[in-house]
Structure formats: structure tokens, C-alpha cells
Amino acid sequence: LGIQNPVASSAGASFEGGLEAAYQVCLWSRLASRVLMPIKTSDVKTDDDLYKQKHTVQWSEHVDLTGTLAVGCHLSHSDLSNSHYAALKVKDAIVDQFMELFEERPSVDRDNPDLRVNLYIHRNQATLSIDLSGESLHKRGYRQFSVTAPMKENLAAAVLMRSGWPNESLTLVDLMCGSGTLLIEAGLMALEIPPGLNKEQFGFETWKGHKPDVWQSLLAEASQQNTDQLVAEKLTIRGYDESLSAVKSARQNIQAAGLGNYIKVEQRSLEDCATNNDLSPGLVIVNPPYGERLGDEKDLAYLYAELGDCWKRYFGEWNAALFTGNIPLAKHVGLRSHKDNSLYNGAIKCKLFQYKLHRAKPEHLLQKEDEADQLAKQMFENRLKKNFKHLSKWAKRTQIECYRVYDADLPEFSAAIDIYPDWVHVQ
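Residues numbered from 1 in each chain as written. Predicted model: local features only at pLDDT ≥ 70, side-chain atom pairs only at ≥ 80, totals over all residues. Heavy atoms only, no water.

A. A look at a negative patch on the surface. Together, Glu242, Glu271, Asp272 and Glu306 give the surface a local cluster of negative charge. Here Glu271 shows up in the loop between strand 10 (263-267) and strand 11 (283-286). With relative accessibility at 48%, the residue Glu271 sits in the partly exposed group. (Patch = residues over 30% accessible without salt bridge, like charges linked within 9 Å, V, L, I, M, F, W, Y side chains within 5 Å. Areas by Shrake-Rupley, 256 points an atom, 1.4 Å probe, with all protein chains shown as cover. Salt bridge = Lys/Arg side-chain N within 4 Å of Asp/Glu carboxyl O. Lys, Arg positive; Asp, Glu negative; His and termini not counted. Charge placed at Lys NZ, Arg CZ, Asp CG, Glu CD. Helix = DSSP H or I, 4+ residues; strand = E, 2+ residues; numbered from the N terminus. Buried < 20%, exposed > 50% of the residue type's maximum accessible area, 1.4 Å probe, protein only.)

B. Looking closely at empty space enclosed by the protein. Under the defined criterion, the tally for this structure stands at three cavities of 30 Å³ or more. Taken as a whole, the largest cavity spans an internal volume of roughly 120 Å³. Every residue lining the largest cavity is counted, 15 residues in all, and those nearest its centre are Leu50, Gln53, Trp59, Val90 and Leu128. Sorting the residues of the lining of the largest cavity by element identifies strand 3 (36-43), helix 3 (83-102) and strand 7 (125-131) as the ones contributing at least two each. In the lining of the largest cavity, the residues fall into nine nonpolar, four polar and two charged. In terms of lining, the second largest cavity is formed by Arg140, Tyr142, Leu188, Ile193, Pro194, Pro195, Leu197 and Asn198. (1 Å grid on protein atoms, 1.4 Å probe; cavity = no way out; pocket = protein on both sides within 12 Å on 5 of 7 lines; lining within 4 Å. Points joined across faces, edges and corners; volume = space filled by probe spheres on them. Nonpolar A, V, L, I, M, F, W, Y, C, P; charged D, E, K, R; others polar.)

C. Summary view of the sheet that holds strand 11. In space, the seven strands of this open sheet follow the order 10-9-8-11-12-14-13, with mixed pairing throughout. Looking at strand neighbours, the two that pair on one side only are strand 10 and strand 13 (339-345), the edges of this open sheet. Along the sheet, successive strands turn relative to each other by an average axial angle of 20°, direction set aside. Here strand 11 runs beside strand 12 (residues 319-324); their pairing, made up of four bridges, is parallel. Paired with Leu283 across the bridge in strand 12 is Asn319. Sitting on the sheet, helix 5 (residues 181-190) is in contact with strand 8 (171-174), strand 9 (236-241), strand 10 and strand 11, with an inclination near 175° to strand 9. (Pairing = 2+ DSSP bridges. Axes fitted to C-alpha atoms, helices over the stretch in contact; angles between N-to-C directions. Contact = heavy atoms within 4.5 Å.)

D. Summary view of the pairing of strand 4 (residues 68-76). Direction of pairing for strand 4 relative to strand 5 (residues 107-108): parallel, over a ladder of two bridges. In the sheet register, Leu69 faces strand 5, and the bridge partner there is Val108. Where strand 4 lies against strand 6 (residues 115-122), eight bridges are found, and the strand directions are parallel. Across the sheet, Ala70 pairs through a bridge with Arg116, a residue of strand 6.

E. Local environment of the packing of helix 4 (residues 153-162) against helix 5. For the pair helix 4 and helix 5, the least separation of the axes is 9 Å and the interaxial angle reads 65°. Judged on the interaxial angle alone, helix 5 and helix 4 are roughly perpendicular. For the crossing formed where helix 4 meets helix 5, the hand is right-handed. Contacts between helix 4 and helix 5 involve Glu153, Ala156, Ala157, Val159, Leu160 and Met161 on the former and, on the latter, Thr181, Leu182, Glu185, Ala186 and Met189. Of the residues in the contact of helix 4 with helix 5, the class split is eight nonpolar, one polar and two charged. (Parallel < 35°, antiparallel > 145°, perpendicular 65-115°, else oblique. Left-handed = near helix turned anticlockwise from the far one by under 90°.)

F. Examining the packing of aromatic side chains more closely. Applying the stated criterion across every chain yields a total of 12 aromatic pairs. Between Tyr23 and Trp215, the ring centres sit 5.8 Å apart and the planes meet at 75°, which makes this aromatic pair edge-to-face. Taken together, the residues Tyr23 in helix 1 (residues 19-28) and Trp215 in helix 6 (residues 212-223) connect sequence positions 192 residues apart. Classification of Tyr23 as buried rests on a relative accessible area of 0%. (Phe/Tyr/Trp six-rings, centres within 6.5 Å; stacked < 30°, edge-to-face > 60°.)

Rendered as C-alpha cells:
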């Protein structure tokens, strides 16, 4: 982004520069949630210490008497224990300063304030900042329809970046696209479209220190940026989902993002996700459910195994990426990842697993393997039927209710199966 002196930290990054740099980050950063401009740092140990800082900032330079404000707070390793009460103390200090100077005060609007103040206290050091972003920057403005447990847009961008997107072939397939977040973020990245271009309003636009001419200049420059025709012609992004409602949502969101010419979405299940012959090997990516809010873990194990089979069968020579918050489920894919990254989806610790896939076996060999599998399964079924027919008669005659009907009789089906009066136990 051309930002000077960036410094990474555990919860974000800091940089130096004027308002133009801050505006640039708001408009162009695909990863940031908020852009905060620090205006005061001080040591505090009690709520009263916060209130005593009221004369150290001239708040009338930031919001009008007739304006609105909101204060948010986050505590980290602090003697203060109640973030809501700490935020309330800062709000009181601001409005009391106005009352002392003007005998009037701004009102509070938690949802859409003219001035959003951020208070961060770490190890008793309090930093007051102006929140220039307003609503979280992950809200790009294109999400018209959603699905259950959608991925946040900036998290999707992080997953794509870590997965090596945009790649050389400019080809991406999402096998469980949901409402299309990964598809859209991939399109915006490849076409170098600023993620904040369609955002309805930024926090700085109602802040008194805002410089409209600087912002309009950056906005005009971003709006007039021409798409690279070679990239536009080569770019291939496709999404599949077995849910028709998810497909409809994805298509609506893609149109709202202005990417209808670049992204195609179809209703398909995993077994129907054979790639077309015209696709160059690229990145196949998926964010399957992982049991926190969707699905049941036992069922999900089969889903992950099916995903691995799909990759092996249809995506030879592709790079694959799996993002999940249920790390043990990833082993059911049946492939060894060559790289993994830790990321957080809200409070959920997640992993991004990356795989290098190899070309699938020819169809005639796969068909032979399927035929051999079917034959083995038939032998197993026949053995079970034979055992059960013989042993059930014996059990009835001897009044035995519990017995073993199968004990790894066939080596390739290594299981013990026990019959009880009203259930079967397999181990």
C-alpha cells in the first residue's frame, strides 16, 4: 500500500503517516478490521484515572455539539476488569468537558455515531484513538444475502493470500462456496479492485478532522483504475455448492460486487465436481463446516473424507487449501499437507492446510479399482449374511441374546461385530 514504517504486532500493525495514508489503508487494505488514529496515551490503574484525562484532549476538535459519539473499549492484562464501565467513564469525561465549555453536549449513538472513539488498555497503559473505519472494514458493501456461519471478508482474503492467490494460472475453484465470499475476494484481488470501493460510509467521513478533498482524490483515482485486460481474459473463478439457496445468494453477491463477468457458480455436490478440460491447474479451495455451528462431527468426518476423494480423483497437479476450525477433522481428508497456517475466525482457532495434489490415475484404472472394491464389499456382505443365518438360529435355540456375528473373518474388513437384543455394536 506504500505505507511508511509499518510494524507488526500480535493484534495488528502500526504505521506512520498523514491522513492520506490512513485513507489509503481504509480503501485498499484487504486484511484490516479497523484503522485507529491514536490521539492520547496515558497510564491508568482505576476508572477515575480515565475520567481525569478529560482535559487532555480537546474533544470539540473532533465532534460538534450537535453530533453523536460512541466509545468502545478493549482490556488486556489490565487492573481494570470491566470494559463497559471503562468506556462509560471516557464517555462521561467527553460529555462533561462539553458541558463545562458550552453548557451543551453531543448525544450518544452506538450504531452510527459521527465520532467513534476506541479505548485500548494494555498493562494499565490506555490508548485513546479515533476510529477512522466506522463499521468494521470486513463489511465491503457487496454482501446482499448470506448463509449460516459465513466467513468474514478480511479472513477470506487472508486465507487466499496464504494459499498463494493470485497464482500464475489465475484459476480458482471453491467446492463449497456458500454465499461466495472466497470467490468474490479472489476476484477483487486478481483484478486489483480496492475492497473499500463499495463501502457505504467510513467513520472518518463524519469526523470533524476529515479532509474531503484528499479522500475524493484517492477515491477518484481508485475508481478510474483500469483492469488489466490480460488478467481479465485469463481469470477463471468457479464456485460449486450443493445448496440451491447458497448458489442463489452467491450469485446475488457476485453481481453486487460487479464481478458477474468473471465468476461462475453452479449447484453441484462433491461427487459432481469434476473439473472441465478447459481449466488449467490452479487453486482448489474449501471452507467446509467444522462442527462449531453447523453439522454433526460424525457426519463431517465422512464429508472431509469425500472431499479428499474428490481432490484425488479430479484435481491432479492442482494446489489445494482447506480452512477449518476443527483440526482433527482434517486427517479424514487422507492427504498430508505440506504447509499449514494458524488463523482465528472470531474466537475460534483455525488452521489453513495446504496440499500439493498429484495427477489422478487414468479412468480405466480407477474403474478397475471400483470393480475390485465392489467385489470385496459383496464378499463381505455374503459372509455377514451367512454368519447371521447360521448363528441366529443357534442363538435362538440356546436362548442367547448377545453374540459375535463377525470377527475379522476377511482381512480387508478388520472389524468385530456383535449382536445385542436391539442394537448392533461394530468396533
